[in-house]
Amino acid sequence: MADLQERFRHAAAAVQNARALVITAGAGMGVDSGLPDFRGDRGFWNAYAMYERLRLSSVQAANPAHFECDPAFGWGFYGHRTNLYRETVPHAGFSLLREWIGRFGLDWFVVTSNVDGQFQKAGFEEERILEVHGSIHHLQCIRPCSQAIWENRETIPVDFATMRAGHIPRCLHCGAVARPNILMFGDWSWISDRTARQERRFDEFITDCRNLPLLVVELGAGTAIPTIRHTSEQLGRSGSMVVRINPREAQISPPHISLPCGALEGLRGIAAALNA
Ligand SMILES: [Zn+2]
(Lines give C-alpha, C1' and ligand atoms only; values in the text may rest on other atoms or scores of the structure.)
Protein backbone atom coordinates (compact mmCIF):
# COMPACT_ATOMS: atom_id res chain seq x y z
CA MET A 1 0.00 0.00 0.00
CA ALA A 2 2.11 2.85 -1.39
CA ASP A 3 -0.18 5.54 0.02
CA LEU A 4 0.28 4.24 3.57
CA GLN A 5 4.09 4.22 3.14
CA GLU A 6 3.91 7.87 2.08
CA ARG A 7 1.85 8.67 5.17
CA PHE A 8 4.39 6.86 7.39
CA ARG A 9 7.08 9.19 5.95
CA HIS A 10 4.95 12.27 6.71
CA ALA A 11 4.36 11.04 10.25
CA ALA A 12 8.10 10.33 10.68
CA ALA A 13 8.89 13.91 9.60
CA ALA A 14 6.35 15.15 12.17
CA VAL A 15 8.16 13.17 14.90
CA GLN A 16 11.51 14.67 13.80
CA ASN A 17 10.09 18.22 13.81
CA ALA A 18 8.45 17.91 17.24
CA ARG A 19 9.88 19.03 20.58
CA ALA A 20 7.01 17.73 22.67
CA LEU A 21 4.81 14.64 22.33
CA VAL A 22 1.34 13.90 23.65
CA ILE A 23 0.39 10.24 23.29
CA THR A 24 -3.39 9.77 23.37
CA ALA A 25 -4.66 6.21 23.58
CA GLY A 26 -7.93 4.29 23.50
CA ALA A 27 -8.92 0.60 23.65
CA GLY A 28 -7.27 -0.18 20.29
CA MET A 29 -3.83 0.35 21.88
CA GLY A 30 -4.28 -2.85 23.92
CA VAL A 31 -5.37 -5.12 21.08
CA ASP A 32 -1.79 -5.73 19.88
CA SER A 33 -0.83 -6.83 23.42
CA GLY A 34 -3.53 -9.52 23.07
CA LEU A 35 -6.20 -7.78 25.17
CA PRO A 36 -9.78 -8.60 24.14
CA ASP A 37 -11.77 -6.18 22.01
CA PHE A 38 -15.18 -5.65 23.65
CA ARG A 39 -16.62 -4.07 20.51
CA GLY A 40 -20.24 -5.28 20.35
CA ASP A 41 -21.88 -8.06 22.38
CA ARG A 42 -20.34 -10.74 20.15
CA GLY A 43 -16.76 -9.64 20.86
CA PHE A 44 -17.48 -9.47 24.58
CA TRP A 45 -19.17 -12.89 24.68
CA ASN A 46 -16.33 -14.48 22.72
CA ALA A 47 -14.06 -13.39 25.57
CA TYR A 48 -16.53 -14.29 28.35
CA ALA A 49 -18.73 -17.33 27.70
CA MET A 50 -20.38 -17.10 31.15
CA TYR A 51 -21.87 -13.69 30.38
CA GLU A 52 -23.25 -15.03 27.09
CA ARG A 53 -25.11 -17.76 29.03
CA LEU A 54 -26.54 -15.02 31.26
CA ARG A 55 -27.17 -12.75 28.21
CA LEU A 56 -25.31 -9.94 30.00
CA SER A 57 -23.66 -7.27 27.83
CA SER A 58 -20.29 -5.75 28.79
CA VAL A 59 -22.10 -2.67 30.13
CA GLN A 60 -24.36 -4.88 32.29
CA ALA A 61 -21.45 -7.03 33.55
CA ALA A 62 -19.49 -3.85 34.41
CA ASN A 63 -22.42 -2.23 36.28
CA PRO A 64 -21.27 -0.73 39.61
CA ALA A 65 -24.55 -1.92 41.26
CA HIS A 66 -23.11 -5.49 41.42
CA PHE A 67 -20.65 -4.36 44.11
CA GLU A 68 -23.65 -3.46 46.32
CA CYS A 69 -25.95 -6.43 45.60
CA ASP A 70 -23.52 -9.25 44.81
CA PRO A 71 -19.86 -8.25 45.32
CA ALA A 72 -18.48 -11.69 44.35
CA PHE A 73 -20.20 -11.30 40.96
CA GLY A 74 -19.07 -7.67 40.54
CA TRP A 75 -15.50 -8.67 41.38
CA GLY A 76 -15.75 -11.63 38.97
CA PHE A 77 -15.60 -9.25 36.03
CA TYR A 78 -13.16 -6.72 37.50
CA GLY A 79 -11.00 -9.35 39.23
CA HIS A 80 -10.56 -11.18 35.95
CA ARG A 81 -9.60 -7.98 34.17
CA THR A 82 -7.19 -7.02 36.99
CA ASN A 83 -5.45 -10.39 36.65
CA LEU A 84 -5.41 -10.15 32.86
CA TYR A 85 -3.81 -6.68 32.86
CA ARG A 86 -1.26 -7.75 35.49
CA GLU A 87 -0.20 -10.66 33.26
CA THR A 88 -0.19 -8.72 29.97
CA VAL A 89 3.14 -7.73 28.42
CA PRO A 90 2.85 -4.37 26.62
CA HIS A 91 3.53 -4.74 22.87
CA ALA A 92 6.63 -3.38 21.12
CA GLY A 93 4.87 -0.14 20.12
CA PHE A 94 5.24 1.18 23.69
CA SER A 95 9.05 0.84 23.48
CA LEU A 96 9.11 2.57 20.08
CA LEU A 97 7.40 5.61 21.62
CA ARG A 98 9.90 5.65 24.50
CA GLU A 99 12.76 5.33 22.01
CA TRP A 100 11.57 8.43 20.09
CA ILE A 101 11.23 10.39 23.33
CA GLY A 102 14.91 9.64 24.13
CA ARG A 103 16.28 9.96 20.61
CA PHE A 104 14.61 13.30 19.77
CA GLY A 105 14.71 14.72 23.33
CA LEU A 106 10.94 15.13 23.46
CA ASP A 107 9.04 16.42 26.46
CA TRP A 108 5.98 14.17 26.76
CA PHE A 109 2.69 13.23 28.39
CA VAL A 110 0.27 10.29 28.01
CA VAL A 111 -3.52 10.69 28.00
CA THR A 112 -5.37 7.35 28.01
CA SER A 113 -8.94 6.15 28.44
CA ASN A 114 -7.61 2.69 29.26
CA VAL A 115 -7.75 1.60 32.90
CA ASP A 116 -5.23 -1.21 32.35
CA GLY A 117 -2.00 0.46 33.57
CA GLN A 118 -0.11 -0.69 30.48
CA PHE A 119 1.82 2.60 30.00
CA GLN A 120 3.18 2.37 33.57
CA LYS A 121 4.03 -1.28 32.95
CA ALA A 122 5.94 -0.29 29.78
CA GLY A 123 8.10 2.12 31.82
CA PHE A 124 6.27 5.44 31.33
CA GLU A 125 6.41 7.50 34.55
CA GLU A 126 3.25 7.67 36.61
CA GLU A 127 3.56 11.49 36.98
CA ARG A 128 3.23 11.98 33.21
CA ILE A 129 0.10 9.88 32.66
CA LEU A 130 -3.52 11.04 32.68
CA GLU A 131 -5.98 8.15 33.08
CA VAL A 132 -9.27 9.85 32.21
CA HIS A 133 -11.44 6.92 33.37
CA GLY A 134 -9.28 5.98 36.37
CA SER A 135 -7.25 2.81 36.96
CA ILE A 136 -8.19 -0.78 37.73
CA HIS A 137 -5.00 -1.01 39.83
CA HIS A 138 -6.44 1.45 42.36
CA LEU A 139 -9.31 0.90 44.81
CA GLN A 140 -11.87 3.03 46.67
CA CYS A 141 -14.73 2.39 49.12
CA ILE A 142 -18.15 1.66 47.52
CA ARG A 143 -20.03 3.94 49.93
CA PRO A 144 -17.61 5.86 49.83
CA CYS A 145 -16.75 6.55 53.51
CA SER A 146 -13.85 8.86 52.54
CA GLN A 147 -12.09 10.21 49.46
CA ALA A 148 -9.27 7.65 49.90
CA ILE A 149 -7.87 5.92 46.82
CA TRP A 150 -5.25 3.21 47.34
CA GLU A 151 -3.22 0.80 45.22
CA ASN A 152 -4.76 -2.63 44.59
CA ARG A 153 -2.23 -5.18 45.85
CA GLU A 154 -4.81 -7.92 46.46
CA THR A 155 -4.96 -11.34 44.83
CA ILE A 156 -8.42 -11.95 43.39
CA PRO A 157 -8.99 -15.50 42.12
CA VAL A 158 -11.97 -15.83 39.75
CA ASP A 159 -13.94 -19.01 38.97
CA PHE A 160 -14.44 -18.94 35.18
CA ALA A 161 -17.47 -21.25 35.31
CA THR A 162 -19.46 -18.80 37.44
CA MET A 163 -17.43 -15.58 36.93
CA ARG A 164 -17.45 -15.13 40.72
CA ALA A 165 -14.47 -13.91 42.73
CA GLY A 166 -13.03 -16.01 45.55
CA HIS A 167 -11.91 -12.91 47.45
CA ILE A 168 -13.55 -9.50 47.91
CA PRO A 169 -11.25 -6.51 48.55
CA ARG A 170 -12.40 -4.41 51.51
CA CYS A 171 -12.19 -0.71 52.36
CA LEU A 172 -9.06 -0.04 54.46
CA HIS A 173 -11.01 2.47 56.57
CA CYS A 174 -14.53 1.11 57.22
CA GLY A 175 -14.42 -2.53 56.07
CA ALA A 176 -17.17 -2.13 53.44
CA VAL A 177 -16.62 -3.64 49.99
CA ALA A 178 -13.95 -1.87 47.92
CA ARG A 179 -14.25 -1.36 44.17
CA PRO A 180 -11.88 -0.34 41.39
CA ASN A 181 -11.34 3.44 41.10
CA ILE A 182 -12.75 3.36 37.57
CA LEU A 183 -15.49 5.54 36.12
CA MET A 184 -18.17 2.98 35.16
CA PHE A 185 -21.40 3.44 33.18
CA GLY A 186 -24.13 4.84 35.43
CA ASP A 187 -21.59 5.48 38.19
CA TRP A 188 -22.42 8.02 40.92
CA SER A 189 -19.75 7.12 43.48
CA TRP A 190 -16.52 7.24 41.49
CA ILE A 191 -13.93 9.34 43.34
CA SER A 192 -12.26 11.56 40.74
CA ASP A 193 -9.48 13.04 42.94
CA ARG A 194 -6.63 10.95 41.51
CA THR A 195 -7.66 11.67 37.91
CA ALA A 196 -8.18 15.37 38.78
CA ARG A 197 -4.56 15.57 40.06
CA GLN A 198 -3.39 13.97 36.81
CA GLU A 199 -5.48 16.50 34.83
CA ARG A 200 -3.79 19.38 36.65
CA ARG A 201 -0.34 17.97 35.79
CA PHE A 202 -1.41 17.61 32.15
CA ASP A 203 -2.71 21.21 32.05
CA GLU A 204 0.63 22.43 33.46
CA PHE A 205 2.47 20.39 30.83
CA ILE A 206 0.40 21.95 28.02
CA THR A 207 1.03 25.45 29.43
CA ASP A 208 4.79 24.78 29.63
CA CYS A 209 4.82 23.49 26.03
CA ARG A 210 2.75 26.31 24.51
CA ASN A 211 5.70 27.68 22.49
CA LEU A 212 7.09 24.30 21.42
CA PRO A 213 6.16 22.34 18.29
CA LEU A 214 3.86 19.70 19.77
CA LEU A 215 2.94 16.41 18.12
CA VAL A 216 -0.06 14.29 19.13
CA VAL A 217 0.09 10.57 18.33
CA GLU A 218 -3.37 9.08 18.83
CA LEU A 219 -3.63 5.29 19.04
CA GLY A 220 -6.77 3.17 18.77
CA ALA A 221 -9.23 5.76 20.05
CA GLY A 222 -12.72 5.05 18.66
CA THR A 223 -15.78 7.26 18.22
CA ALA A 224 -18.02 5.29 20.66
CA ILE A 225 -16.61 7.08 23.74
CA PRO A 226 -14.99 10.11 22.07
CA THR A 227 -13.11 11.69 25.02
CA ILE A 228 -9.67 10.81 23.67
CA ARG A 229 -10.43 11.92 20.10
CA HIS A 230 -11.72 15.25 21.47
CA THR A 231 -8.45 15.75 23.39
CA SER A 232 -6.40 15.11 20.24
CA GLU A 233 -8.61 17.34 18.09
CA GLN A 234 -8.58 20.18 20.62
CA LEU A 235 -4.75 20.14 20.61
CA GLY A 236 -4.88 19.94 16.80
CA ARG A 237 -7.02 23.09 16.64
CA SER A 238 -4.53 24.99 18.80
CA GLY A 239 -1.64 24.36 16.42
CA SER A 240 -0.39 20.86 17.18
CA MET A 241 0.06 18.22 14.49
CA VAL A 242 -2.07 15.11 15.06
CA VAL A 243 -1.24 11.61 13.78
CA ARG A 244 -4.36 9.47 14.14
CA ILE A 245 -3.71 5.71 14.02
CA ASN A 246 -6.87 3.60 13.86
CA PRO A 247 -7.78 0.58 11.68
CA ARG A 248 -11.49 1.53 11.42
CA GLU A 249 -12.02 5.23 12.17
CA ALA A 250 -8.84 7.01 11.13
CA GLN A 251 -10.55 10.03 9.51
CA ILE A 252 -9.10 13.46 10.36
CA SER A 253 -8.78 16.56 8.19
CA PRO A 254 -5.43 17.77 6.78
CA PRO A 255 -2.85 18.90 7.70
CA HIS A 256 -3.27 16.13 10.28
CA ILE A 257 -2.19 12.64 9.29
CA SER A 258 -4.50 9.65 9.18
CA LEU A 259 -2.97 6.16 9.38
CA PRO A 260 -5.66 3.50 8.77
CA CYS A 261 -3.96 0.60 10.56
CA GLY A 262 -3.50 -0.96 14.00
CA ALA A 263 -1.44 0.76 16.72
CA LEU A 264 1.62 -1.50 16.49
CA GLU A 265 1.61 -1.55 12.67
CA GLY A 266 1.36 2.25 12.59
CA LEU A 267 4.17 2.78 15.10
CA ARG A 268 6.37 0.23 13.29
CA GLY A 269 5.66 1.97 9.97
CA ILE A 270 6.75 5.34 11.39
CA ALA A 271 9.82 3.71 13.01
CA ALA A 272 10.85 2.17 9.68
CA ALA A 273 10.50 5.57 7.95
CA LEU A 274 12.59 7.21 10.71
CA ASN A 275 15.34 4.64 10.20
CA ALA A 276 15.26 4.70 6.37
ZN1 LIG B 1 -15.06 2.76 53.48
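How each quantity is defined
Residues numbered from 1 in each chain as written. Predicted model: local features only at pLDDT ≥ 70, side-chain atom pairs only at ≥ 80, totals over all residues. Heavy atoms only, no water. Core = buried A, V, L, I, M, F, W, Y, C linked by side-chain atoms within 4.5 Å. Buried < 20%, exposed > 50% of the residue type's maximum accessible area, 1.4 Å probe, protein only. Helix = DSSP H or I, 4+ residues; strand = E, 2+ residues; numbered from the N terminus. Contact = heavy atoms within 4.5 Å. Phe/Tyr/Trp six-rings, centres within 6.5 Å; stacked < 30°, edge-to-face > 60°. Pairing = 2+ DSSP bridges. Axes fitted to C-alpha atoms, helices over the stretch in contact; angles between N-to-C directions. 1 Å grid on protein atoms, 1.4 Å probe; cavity = no way out; pocket = protein on both sides within 12 Å on 5 of 7 lines; lining within 4 Å. Points joined across faces, edges and corners; volume = space filled by probe spheres on them. Nonpolar A, V, L, I, M, F, W, Y, C, P; charged D, E, K, R; others polar. Expected span 1.5 Å × (residues − 1). Arc of directions from axis to C-beta. Donors = N, O, S within 2.8 Å, 3.2 Å for Na, K, Ca; no water. Tetrahedral: all angles 85-135°; square planar, octahedral: opposite > 155°, others 65-115°. Salt bridge = Lys/Arg side-chain N within 4 Å of Asp/Glu carboxyl O.

S.K.: Break down the nonpolar core for me, citing the residues and quoting the values.
M.R.: The tendency in soluble globular proteins is for nonpolar side chains to be buried as a group. In terms of nonpolar packing, the biggest core is built from 36 residues, with Phe-124, Leu-259 and Ile-270 touching the most fellow members. For this core, the secondary structure elements donating two or more residues are α1 (2-17), β1 (20-25), α8 (92-103), β2 (107-112), β9 (214-219), β10 (241-245), β11 (257-259) and α12 (263-275). The element contributing the most residues to this core is α1, with six residues. Not counting chain neighbours up to four residues away, the residues in contact with Ile-270 comprise Phe-8, Ala-11, Ala-12, Val-15, Trp-100, Val-243, Ile-245 and Leu-259. Counting 33 residues, the second largest nonpolar core, distinct from the first, contains Phe-77, Trp-150, Val-158 and Ile-182.

S.K.: Give me the packing of aromatic side chains: which residues, what numbers.
M.R.: Per the counting criterion, the structure on display carries 16 aromatic pairs. With 5.2 Å between their ring centres and 80° between their planes, Phe-119 and Phe-124 make a pair best called edge-to-face. On the accessibility criterion, Phe-119 (3% relative accessible area) is buried. Since its relative accessible area comes to 4%, Phe-124 is described here as buried.

S.K.: Break down the sheet that holds strand β5 (residues 150-151) for me, citing the residues and quoting the values.
M.R.: The strand order β5-β4-β8 describes an open sheet built from three strands, whose pairing is antiparallel. Since the sheet does not close on itself, it has two edges, and those belong to β5 and β8 (178-182), each with one partner. Where strand β4 (residues 134-141) and β5 come together, two bridges link them in antiparallel fashion. Each residue of the ladder has a partner; that of His-138, found in β5, is Glu-151. Across the sheet, helix α7 (residues 71-87) lies against β4 and β8, angled at about 135° from β4, the strand it touches most.

S.K.: Just give me the short version of the layout of surface pockets, but keep the residues and values in it.
M.R.: The calculated volume of the largest pocket comes to roughly 1,300 Å³. Lining the largest pocket are 45 residues, with Ala-27, Phe-38, Ser-113, Asn-114 and Ile-225 sitting closest to its centre. Broken down by element, the lining of the largest pocket gets its largest block of residues, five residues, from α7. Along the lines of polarity and charge, the residues of the lining of the largest pocket split into 22 nonpolar, 15 polar and eight charged.

S.K.: Explain helix α10 (residues 193-208) to me, and be specific about the residues and the numbers.
M.R.: Look at α10: 23 Å from first C-alpha to last across 16 residues, which is about the 22 Å you get at 1.5 Å a residue. When we look at burial in α10, the residues that qualify are Arg-194, Thr-195, Gln-198, Phe-202 and Phe-205. One face of α10 carries all of its buried residues, which in axial projection span an arc of 90°.

S.K.: Give me the lowdown on the coordination of the zinc ion, citing residues and values where you can.
M.R.: Those protein atoms acting as donors to the zinc ion are Cys-141 (SG), Cys-145 (SG), Cys-171 (SG) and Cys-174 (SG), and they sit at 2.3 to 2.4 Å. Taken together, the four donor atoms surrounding the zinc ion define angles of 104 to 115° at the centre, an arrangement classified as tetrahedral. In primary-sequence terms, the residues that donate to the zinc ion follow C-x3-C-x25-C-x2-C. Remark: Cys-171 occurs in the loop between β7 (164-165) and β8 and Cys-145 occurs in the loop between β4 and β5; sequence separation between them is 26 residues. What makes Cys-171 buried here is its relative accessible area of 5%.

S.K.: Let's hear about the sheet that holds β9: which residues, and what values?
M.R.: The strand order across the open sheet formed by six strands is β3-β2-β1-β9-β10-β11, and the pairing between neighbours is parallel. Each edge of the open sheet carries a strand with a single partner, namely β3 (129-131) and β11. Averaged over all neighbouring strand pairs, the angle between strand axes comes to 15°, with direction disregarded. The pairing of β1 with β9 spans six bridges and is parallel.

S.K.: How would you sum up the environment of Asp-41? Please name residues and give values.
M.R.: Its place among the elements puts Asp-41 in helix α3 (residues 40-47). As for Asp-41 and Ser-58, which are separated by 17 residues in sequence, their C-alpha atoms are 7.0 Å apart.

S.K.: Provide a residue-level description of the pattern of salt bridges, including the pertinent values.
M.R.: Applying the stated rule across the entire model yields eleven salt bridges. Across the pair Glu-99 and Arg-103 runs a salt bridge, and its minimum N-O distance is 3.7 Å. Here Glu-99 pairs with Arg-103, and both are found in helix α8, just four residues apart, close to one helical turn. The class for Arg-103 is partly exposed, based on a relative accessible area of 41%. Salt-bridge contacts for Glu-151 lead to Arg-153; the nearest nitrogen and oxygen are separated by 3.5 Å. On the basis of relative accessibility, which here comes to 44%, the residue Glu-151 falls in the partly exposed class.

By themselves, these figures tell us nothing about what the structure is for.
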